[in-house]
Structures are given as structure tokens and as C-alpha cells.
Amino acid sequence: MTESSNNYLNDGSTIRSWLLTTDHKRIAILYMVSITFFFLFGGAAAVLIRLELLTPEGDMMRADTYNKLFSLHGIIMVFFFLIPSIPSVLGNFLIPIMIGARDMAFPKLNLISWYIFMTGGLFSLITILVGGVDTGWTFYTPYSSTYANTYVLLAAAGIFIAGFSSILTGLNFIVTIHLLRAPGMHWFRLPLFVWTHYATSLIFVLGTPVLAVTLALLGVERILGVGIFDPALGGDPLLFQHLFWFYSHPAVYIMILPGMGVVSELMACFSRKPIFGYGFVAMAGLGIAVLSFLVWGHHMFVSGQSVYAGLVFSFLSMLVAIPSAVKVFNWTATMYKGTIFLKTPMLYALGFIGLFTVGGLTGISLATLPFDVHVHDTYFIVAHFHYIMVGSAVMAYLGGIHFWWPKITGRIYSEWWGRVSALVVFFGFNLAFFPQFVLGYLGNPRRYHQYPGEFQVFHIMSSLGATILGLGYLLPLCYLTWSLKYGRRASDNPWHAKGLEWETSSPPPTHNFVTTPIVNEPPYNYGQPHREEEIGEGEPAKHHVEKAEVES
Amino acid sequence: MNESIPILPDAASTSASEVDLLSLTLLSITFVFSVGIACAIGYFALRYWHTRDVNRKLHESVKAHWQIELTWSLIPLIILMVMFSWGADMFVRYHEPPDNPIEINVVAKQWMWKIGHESGPREINALHIPIGRPVRLTMISEDVIHSFYVPAFRNKQDVLPGRYTTMWFEATKLGTYHLFCAEFCGTNHSRMIGQVIVQSPADHAAWLESQPVASAAERGRRLMDSSGCLQCHGADGNRFGPPLNGLFGRQVVLKDGSRHTVDESYIRRAILEPQTQMRAGFQPIMPSFDGKLTPEQVLDIMMYLKSVADADGPVAGPGPDTASLLPESPHSSSPPSGGEDGRRPDEGGLGPDDSQLSKTLTELPLTPALSPSRGEGANAFPAPPATTDSSSSGNNSREEIK
């Protein structure tokens, strides 16, 4: 099986065969390399921010530099790493294989999406090179439209362009899932990974255009001086916040829903059981996607919107907690009477559940009005959304990358190093962000270049944790890259997992399957394994294996 | 500030302990659920470890999913609704205006807080308030969005350009507390900080006494005089405009037939964009004062209109009878104002007195040599004068000039 010489990786090795490919698997690799690059960029900004915050005085850099760094960190991480992370890499690679298709519904559109994304990224990089932007990733008006003296339009243009990549990717996923399912792959035989990507795609298609319109209006006001958001010109500054959060709150679910899909796959595989309450988990994902469009006002409890609006948005925000809680309970219940293997992906998945629980519960606290009035725009918010967007989403991304690494690359990574990285990331993350909950309740506002001295001890803890977290993130970069050349060959199904992606070879052939698979069993149809069974060891390297041809 | 490492911020307002109790409850819920999930995961992982020989046969009752799903949806729902109701009740109460508050005006700009007291004194990046009395802030921004945040009071409100927002609190503990700008507002956002100084009533009265300036309402009335408002709105004016006595807080009928309560926003629009809300029965002849009055001056006029909100009888004019309508202030012995010398509006709108006054009020202490709003000149701005001393000396110098 591993002898299969024809796979997507060695089907052409020229640069051209990569840059002009329409193979969804190669496009996924292109995305993986690009977002890793952006992640390192955004991470470098975080390092500088945490260094500056070691001392209360703003003594390492100027205030403007600091403001540009956190803006850069937010823009790059949100729009160029988190939003594309799981959908564009794992989703692109896996969705066609998981449903038994040869490729996406629109393979060329898929490639175009990557080029659009890179164009947007290029704009952001140019923004940084020519001098940066200092509005934060939220671009609040009238600061961004009238007062900021930095490259607001260039940065906004980058996000505007990258948004079309999201829309087209979402469209592609929806059409692919509707039309290209293999015979027997009913809707309720779809893996939850596919379900959550379906929900995510709905947000991509329905939400992203609103962001595009908002940024376009911002540009119109900034260039032409048409009064839309600036009251000095007759505009309304709160209108911007309404429009921005109408997209950007659902965008949080763009980051977390695919992660929930990944975790569902991992929990089932490493508990050797069907996911508990499959139908409920699938519908909870759709429920989250729908509700996500109705809660944007909880970002604006102290903004000057009416008391009545505050009450309505508080109530609706509470409701989002229900489908989220249902998912957490079902994942936990999946382990009940399972057969538990704590492999690297499972460690990441369990870390996800822990951090998502804390992030979600602090979200309930923030939906409670008087609590939010106190901690709004403080480090409590920063801690909360990092628990969701970094703690949860990045944990899920890394868990997914480890789980499907043998499938994607045909190689086995070092399990020992994998477990170490999962533990280091979990520990470092909590040390970095838990103190920020305390800081926020004490009243330290976010986006502060300098701060009163009594807060310093928590900032030091946070910076220390961030250092550990950074090292934790660098580990997989090293041992996964190492495995490309020196890792053992993976069998077709090293985890003995269920799902169509494990029925084809590792790495899969260019058209995914030699013959179109026919599905005749429910999802996650795990039998009881022998208790001695070890999974994930791959095949012993009996003979010298030829080097995988992986292009950079 | 504190030697020990703080875990809770100072609790110094009537709402602080209530918010802390709510927070503690939320923390408990967070703790119970996350530790519960973590324990369940840990237990299952050990109990059903792949090498252990345990019974893995699912009982039939566990397979009937919907009852289980319903149970663990409804229990959180009940908890959520309890927390929502609790929070909503507090939120609504905190937005009801308090009885008989001390009125304070706040004008925010990049990167300073300008505070104006009802009884006249002005401060920058400092707010002196007495303990045990509700304080109501009427706030507006000159440029971008800011946010007035006092952690010790557990209270925060964004300050918007072009529109008033209000907040109130009642201090319960003497001391000096942080005032932060919480909404990112540009280069020196993290230096847009100040202090809230909670004083005993006696100390506060003494502090006010040491700030010998005219009360805000008095300043407002003189400003109306000098700006020519009273030519139409005054007792001796030609009565083109509606009377101002007893106006604030009343319901008025607009040209389009709609009824409107006269509040801060209404007054502000009436002064800056008068044509947008014409009163029924009056000619649209009032000019706009947009750009002619500073935000502080508009707020002073507001203070005056509030001070005559309960007055009836003849319309307020510049005559001596007006003085009796002014609220009692410790500055009743302050130098005679333009109004009290009986000068009438038609005898010259802008006397030397008034121009001097408005100049001192608008230019001198309130706009120090700052780089204009666009974010250049990052660190040129020195740390804000947050201490009481500097701000009161600012007031003193203003008085000397006067």
C-alpha cells in the first residue's frame, strides 16, 4: 500500500506544477505553507508586545510602534491565520476525500481563492513595510476614518481582498458537499468535520460580504470625505461598530466551528466509539452558526447603544452557550465506556475541550451585562477571546494537523515529541492568558502601551507563559518538518480510524480514490478493538524508503 | 500603588460590591463546570484506558440520547436565564438616573479628560467628588471615541463625538482611584489616564471653595447673554424664540407634530443644528452655533437651563432677578458677573468681560500645546497633569487672568 508510487505529492515536482495545480490537496499544502508564514509574522509581533509589557513604563518602543504592533498582530492572526487555518488547510484537503469525491466542485475557483488570499496578504505585508497601521484589527471609527495617520486603507484593502477568498472557499465547500457525495453518503453519514465546515461556509458566504461593505464604506469616508461614520461629517460612529461586529462576531465562529469538527473526529477515533449524540452535535453546529448572526451587540454594551438593545443582545448571547455546551457534554460522554488512547492528537483535543470550556464560560460571564460593563475593553476580554481563538482554535488546528499528518505527507512524526509539544502548549497557554483574567478584573485596559505598576506581576507571568507557548508552537514546526525526510512511512490507516480518508492510500493518489467508494455504514462505526491494540505506530521501516518529494 | 499583589480592585461605589457578588457567582459557575468537565475527562481516560479490562457495554438507557441531550440543555438554560435576569435587573437599575445628583460635565479629547463641575471649577485628568452622593456625568468627545472607566466603581461608559452619553455612580470609600480611557483612541491612549478623588463632604466643600470661579450655570447664562441668545429667548428680547425658563425636562411639540422631551441631546441639537428640530409655532430663524461654541460652553449653557428647569414666571433675562434662580453655590460671593450689573443684551452683545471670559475658558488651561489629533508627534506629549495640585493651580492661574 505505501508502495503506491502515484500520489498527489509526486505527481509533478516543478514549481509550476504546484502554483498552477487545481488539486485540492496541493492547494491545501499551499495554504498550509502560507498561513504558517503569516503565523510566524503575527507571532513575532506578539513576542515584541509581551516584551514591552514586562515593565510598566513604555520604555522599549514608542507608543505608536506599540499600537502598530498589536494592530498588526490582530489583523494578521485573525484574517490571515485563524480564519483560513482549518477550513483552507484541513477542510480543503479532507472534505472531498471525506465525502468520496475526486476534487472540489470548482477546482479552478479553489486555486483562484488561494491567489486572492495571497494578494490580500501581500497588501498586509506592504502595509507593514511602508509603515503599518495603528487602528487595531477592529478599525473603530471615527479614529480609523478621520484621525488615524497610518496606512488604514492599505490594511483594509488587504482584508477586503482576502474576504473574497473566504466567500469563494465557502461557496466551493457548500456546492461540493451538496453535489459530490459518494453513493450512500447520506447527510447523516457525513463526518462531523464536514458538518461543521458546512456551517462555517454559511457564515463565510453570508457574513463576509458585510465586512467587505463596511470596509468599503470606511474607504469612501476616508478618501472622499462622505459622512458615514464620523459625526463631524454627519455620520454615526456606532453604525460602524454594528456593521463590523455583524461580521466579526460570526467570524469568531468561523474560527471555532471547524475546530469543533476536528475535535469530534479525534474524540471518536481515540475513544474507539461513535461520537455521542451525533445528530445533536451536527445540529448544534448549525445552531451556533445561525445564532452567531444575532449576538453582535454584546460587543457594544457600553458603546452608547440603548439599554433595551443591551438586554436583547445579552439574552441572545446567553442562548449561544446552549449548543456549545451540548457539544462539550457530548464529546465528554463519547469517552464514557470508550477505549481511550492518549495519542498526540487526542492530547490536543482534550486541551481544546478544557480551554474551550473556560473560554465559553467566561463568555457567559461577559454576556451578563454588569460584569461586561466592568471588564469590557480590559485584559479580561483579551484573555477570553484568546482562550477561544488561540487556546481552542489553534489547539484544534494542531490536533488536526497531527492526526492527518500521516495521510497528508505519508510520514509518521515522533510521538514523544508530539506529546511534549501538546503539554507545553497547554501549560504555556494557561500561564500566558490566565493571569490576564485577573488583570482585566483589576481594571487594566487593553491596548495599553504603559500601565500602572501594581499590574506588573501579572504581566510578567503572562510574558513568561507566552515564551513557553511560543516554544511549544515551534516544536511541531521542527519535528513535523523533520518527519518529512526522516519519519517512518505511514500506513494507509495508522490510527485504524473510520472515514473515507483512511480508505485511500497515504498520501492519497491525485484523484483521491482508485474507484469511487460506496458508503454503507454509519459514521464512526468503530468496533471494539483488542485491548492490546496499539495504534498510530505506522509500519516498521524494514527497507530503506525513498525520500518523499515534498516541495517547499 | 499597593505593596501587596492585588486580586480584587478597590470597591468604592454603591454598585461595586453588588457587581463583585455577581462576578463571584459567575466565577463559581465557571469553576464548577470546567473542573467538572476536566474531572470527567480525567476519570474516563483512566477508567477506560485502552489496556484496562472493564465493562464497555453501553446500557440501553444511555443510548436513548434525546432525554440526556434535553437534560443537559435545560440545566444550563435555567442557570443562564437566572444569570441573565440578575444582570439585566442590575443593568436597568444602573441606567435609571439617581435622585438629586451632582451634575458634572466631561469633555474628552485626544488625550485628556476635561472635567467641569456644576459649581464652576474645572479640572484636567482629575475628578473630585464627595462621598455618599450620586454623581452624574454628561459626557461628549471632541474627536474620536473614548471610554470613561473607573475600575473601583465597576463602571464604564463610552464617550462619543457628536452625542452625549451619561453615567452615574455614588462613591462609598474615601481615596484616590484610577481613571482610565478604555477605548483605543490613538497614540497616547495609555496616557489618557487620571484620578478620581473621593473626599469627605467637608473636604469637598473646602476644595470647591478653593476654586473661586463662577458656577457653570452662571457662566452659561453670561455666555447666552454674550452670544446674543437672549435677544430672542430673553425676557426683554423680541420673543422670536421659545422661552427658556422651565424648558428643560418638559415635553415640547415639534413642527412635524411629534412630541419630544427636552433633554441634553435635544438642547445640544437645538443649539448646533436648530433647523433639524423646529418647535411648532416658531419661525426657523435661529442660526447654528456649530463651531462657534466649544463643547464646554454648550455644556455650561446646559447647566444654566437645568438650573432654571423648575423656574416659571417671566422668562429668564439678564436682569438681576435671574440671580435668585441660580442654584445655591459656594461662589455666591464671587465677583459680580456680567448679568448682575444690569447690562442688557441690546447694549452690546460681547462686552470685554465676556470675551475675556470665554477666551480664558476655552483656550488657556483646556488646550495645552498639543499636537493636533492626527497621530503624529508620539511621545512629545508629557505625562498628563493628573495630580490635584497641577489642576488646581491651573484653575488658579485662570482666576488670575480673569
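Procedures and definitions
- Residues numbered from 1 in each chain as written.
- Chains lettered and ligands numbered in written order.
- Predicted model: local features only at pLDDT ≥ 70, side-chain atom pairs only at ≥ 80, totals over all residues.
- Helix = DSSP H or I, 4+ residues; strand = E, 2+ residues; numbered from the N terminus.
- Rg over C-alpha atoms; globule rule 2.2 N^0.38 Å.
- Buried ≥ 20, exposed ≤ 12 C-beta atoms within 10 Å, placed from the backbone.
- Contact = placed C-beta atoms within 7 Å.
- Domains from an automatic or database assignment.
- Nonpolar A, V, L, I, M, F, W, Y, C, P; charged D, E, K, R; others polar.
- Core = buried A, V, L, I, M, F, W, Y, C linked by C-beta atoms within 7 Å.
- Expected span 1.5 Å × (residues − 1).
- Pairing = 2+ DSSP bridges.
- Axes fitted to C-alpha atoms, helices over the stretch in contact; angles between N-to-C directions.
- Parallel < 35°, antiparallel > 145°, perpendicular 65-115°, else oblique.
- Left-handed = near helix turned anticlockwise from the far one by under 90°.
- pLDDT = per-residue confidence, 0-100.

## Observations concerning the overall build of chain A
Across its full length, chain A carries 15 helices and two strands. Radius of gyration (C-alpha) of chain A: 23 Å, near the 24 Å computed for a compact globule of 552 residues. Once the C-alpha set of chain A is aligned to its principal axes, its extents read approximately 70 × 45 × 45 Å.

## Focus: the overall build of chain B
A count of helices and strands for chain B gives 11 helices and 12 strands. The proportion of buried residues among the 402 residues of chain B is 44%. Pairs at least 24 residues apart make up 72% of the contacts formed inside chain B by residues separated by at least 6 positions.

## Here's the deal with the domain arrangement of chain B
All names here are of chain B. By the assigned domains, chain B splits into domain 1 (102–212 + 383–401) and domain 2 (216–350). At the interface, 18 residues of domain 1 touch 13 residues of domain 2. Counting only elements with at least two residues in the side of domain 1 that touches domain 2, the list comes to β1 (102–109), β2 (112–117), β5 (134–141) and α4 (201–209). Its residues assigned to classes, the side of domain 1 that touches domain 2 shows six nonpolar, six polar and six charged.

## A few points about the interface of chain A and chain B
Taken residue by residue, the interface counts 76 residues in chain A and 76 residues in chain B. Those elements giving two or more residues to the side of chain A that touches chain B turn out to be α3 (63–98), α5 (143–147), α10 (307–335), α11 (344–367), α12 (369–375) and α14 (415–442) of chain A. Looking at the side of chain A that touches chain B element by element, the count peaks at 14 residues for α10(A). Classifying every residue of the side of chain A that touches chain B gives 43 nonpolar, 25 polar and eight charged.

## Let's talk about the nonpolar core
Among the nonpolar cores identified, the biggest contains 243 residues, and Val263(A), Ala393(A) and Val106(B) are the most heavily contacted of them. Ranked by residue count, the leading element in this core is α3(A), at 22 residues. In terms of nonpolar packing, the next biggest core, distinct from the first, is built from 20 residues, Leu244(B), Leu247(B), Ile271(B) and Leu299(B) among them.

## A few points about helix α3 (residues 65–95) of chain B
For α3(B), built from 31 residues, the straight-helix expectation of 45 Å at 1.5 Å per residue is met to within 8% by its first-to-last C-alpha distance of 44 Å. Regarding α3(B), the residues found buried are Glu69(B), Trp72(B), Pro76(B), Leu80(B), Met83(B), Phe84(B), Gly87(B), Met90(B), Phe91(B) and Tyr94(B). Those residues of α3(B) that are buried are in contact with α9 (278–291), α10, α11 and α12 of chain A together with α1 (16–47) of chain B.

## Notes on the pairing of strand β9 (residues 175–181) of chain B
All names here are of chain B. With respect to burial, β9 is a largely interior element, five of its seven residues being buried. Both strand β6 (residues 146–150) and β9 contribute to a ladder of two bridges, which runs antiparallel. Of the residues in β9, the one forming a bridge with Tyr 149 is Phe 180. Sheet topology note: the β9/strand β10 (residues 194–199) ladder contains five bridges and is antiparallel. In the sheet register, Gly 175 faces β10, and the bridge partner there is Val 198.

## A closer look at the sheet that holds β1(B)
The strands that make up a sheet pair up through hydrogen bonds in the backbone, lying either parallel or antiparallel. Residue and element names in this part refer to chain B. Read across the sheet, five strands follow the order β3-β2-β1-β5-β8 without closing on themselves; strand pairing throughout is mixed. Of all strands in the sheet, those bounded by a partner on one side alone are β3 (122–124) and β8 (165–170). Across the sheet, the mean angle from the axis of one strand to that of its neighbour is 25 degrees, orientation sign disregarded. Bridge count for β2 against β3 is three bridges, and the pairing is antiparallel. From the neighbouring strand, Ile 115 faces β3, where its bridge partner is Glu 123. Sheet strands touched by helix α8 (residues 295–307): β1, β2 and β5. Its angle to β1, the strand with the most contacts, is close to 165 degrees.

## What about unusual backbone geometry?
A cis geometry characterises the amide bond from Ser506(A) onward to Pro507(A), with omega recorded as -10 degrees. As for its position among the elements, Pro507(A) is in the segment after β2 (488–489). Look at the link from Gln110(B) to Trp111(B): it is a cis peptide, with omega at -5 degrees. Even without a glycine there, the phi angle at Lys337(A) is positive, about 60 degrees.

## Quick word on the environment of Ala88(B)
Secondary-structure assignment places Ala88(B) in helix α3. We classify Ala88(B) as partly exposed; it has 18 C-beta atoms within 10 Å. Residues Ala88(B) and Cys39(B), spaced 49 residues apart in sequence, show a C-alpha to C-alpha distance of 33 Å. Setting aside chain neighbours within four positions, we find Ala88(B) in contact with Leu311(A), Ser314(A) and Leu369(A).

## Comments concerning the environment of Asp103(A)
Residues and elements named next belong to chain A. Mapped onto the fold, Asp 103 is located in the loop between α3 and α4 (107–130). A residue is classified by how many C-beta atoms lie within 10 Å of it, and Asp 103, with 19 of them, is partly exposed. Spatially, the C-alpha atoms of Asp 103 and Met 267 are 27 Å apart, while their sequence positions differ by 164 residues. Discounting residues that sit within four places of it in the chain, Asp 103 has contacts with Asp 23, His 24 and Pro 96.

## Observations concerning the packing of α11(A) against helix α13 (residues 379–409) of chain A
Packed helices, taken two at a time, are described by the angle between their axes plus the distance between the axes. Residues and elements named next belong to chain A. Running from N to C, α11 and α13 cross one another at 160 degrees; their axes reach a closest spacing of 8 Å. When the axis of α11 is compared with that of α13, the two are roughly antiparallel. In this structure, α11 crosses over α13, and the sense of that crossing is left-handed. Considered class by class, the residues forming the contact of α11 with α13 number 14 nonpolar, 10 polar and no charged.

## Regarding the pairing of β6(B)
Residues and elements named next belong to chain B. Here β6 lies mainly inside the structure; five of its five residues are buried. Side-chain alternation along β6 places His 146, Phe 148 and Val 150 on one buried face and Ser 147 and Tyr 149 on a second face that is also buried. The pairing of β6 with strand β7 (residues 155–159) spans five bridges and is antiparallel. Among the inter-strand pairings, His 146 is bridged to a residue of β7, identified as Val 159. Once β6 ends, the chain turns through four residues before running back antiparallel as β7, passing Arg 154 with a positive phi of about 55 degrees.

## Here we look at helix α15 (residues 456–486) of chain A
Residue and element names in this part refer to chain A. With 31 residues, α15 should reach 45 Å at 1.5 Å per residue; the first-to-last C-alpha distance of 45 Å fits that figure. Within the sequence span of α15, burial applies to Phe 458, His 459, Ser 462, Gly 465, Ala 466, Leu 469, Gly 472, Tyr 473, Pro 476, Leu 480 and Ser 483. Where α15 is buried, its residues touch α2 (24–52), α13, β1 (411–412) and α14.

## Overview of the environment of Ser227(B)
Residue and element names in this part refer to chain B. With respect to the helices and strands, Ser 227 occurs in helix α5 (residues 216–227). Assessed through the 20 C-beta atoms surrounding it within 10 Å, Ser 227 is described here as buried. Placed 62 residues apart in sequence, Ser 227 and Phe 289 show a C-alpha to C-alpha distance of 9.2 Å.

## Some details on the sheet that holds β6(B)
All names here are of chain B. With respect to topology, five strands assemble into an open sheet ordered β4-β10-β9-β6-β7, the strand pairing being mixed. The open sheet has two edge strands, β4 (126–130) and β7, and neither has a second partner. Each neighbouring strand pair of the sheet contributes to a mean axis angle of 20 degrees, computed without reference to strand direction. The strands touched by α4 within the sheet are β4 and β10, with β4 carrying the most contacts at an inclination of about 130 degrees.

## Notes on the confidence of the model for chain B
Residue and element names in this part refer to chain B. For chain B, mean pLDDT is 76; residues scoring 70 or higher make up 74% of the total. The spread of mean pLDDT over the elements of chain B runs between helix α11 (residues 388–401), the lowest at 37, and β6, the highest at 96. In this model residues 314–402 is a low-confidence stretch, pLDDT under 50, and it forms 161 contacts with partners more than four residues away in sequence or in other chains. Scored as a complex, the prediction yields pTM 0.83 and ipTM 0.89.

## Observations concerning the confidence of the model for chain A
Looking at chain A as a whole, its pLDDT mean stands at 91, while 95% of the residues score no less than 70. Note that pLDDT drops below 50 for residues 538–552 of chain A; the model gives that stretch 28 contacts with residues more than four away or on any other chain.

## Description of the packing of helix α7 (residues 192–224) of chain A against α9(A)
All names here are of chain A. For the pair α7 and α9, interaxial distance at closest approach is 9 Å and the crossing angle is 15 degrees. By the angle between their axes, α7 is roughly parallel relative to α9. At the point where α7 passes α9, the crossing takes the right-handed sense. On α9, the residues touching Leu 192, Trp 195, Thr 196, Ala 199, Leu 202 and Ile 203 of α7 are Val 281, Ala 282, Gly 285, Leu 286, Ile 288 and Ala 289. Partitioned by chemical class, the residues of the contact of α7 with α9 number 10 nonpolar, two polar and no charged.

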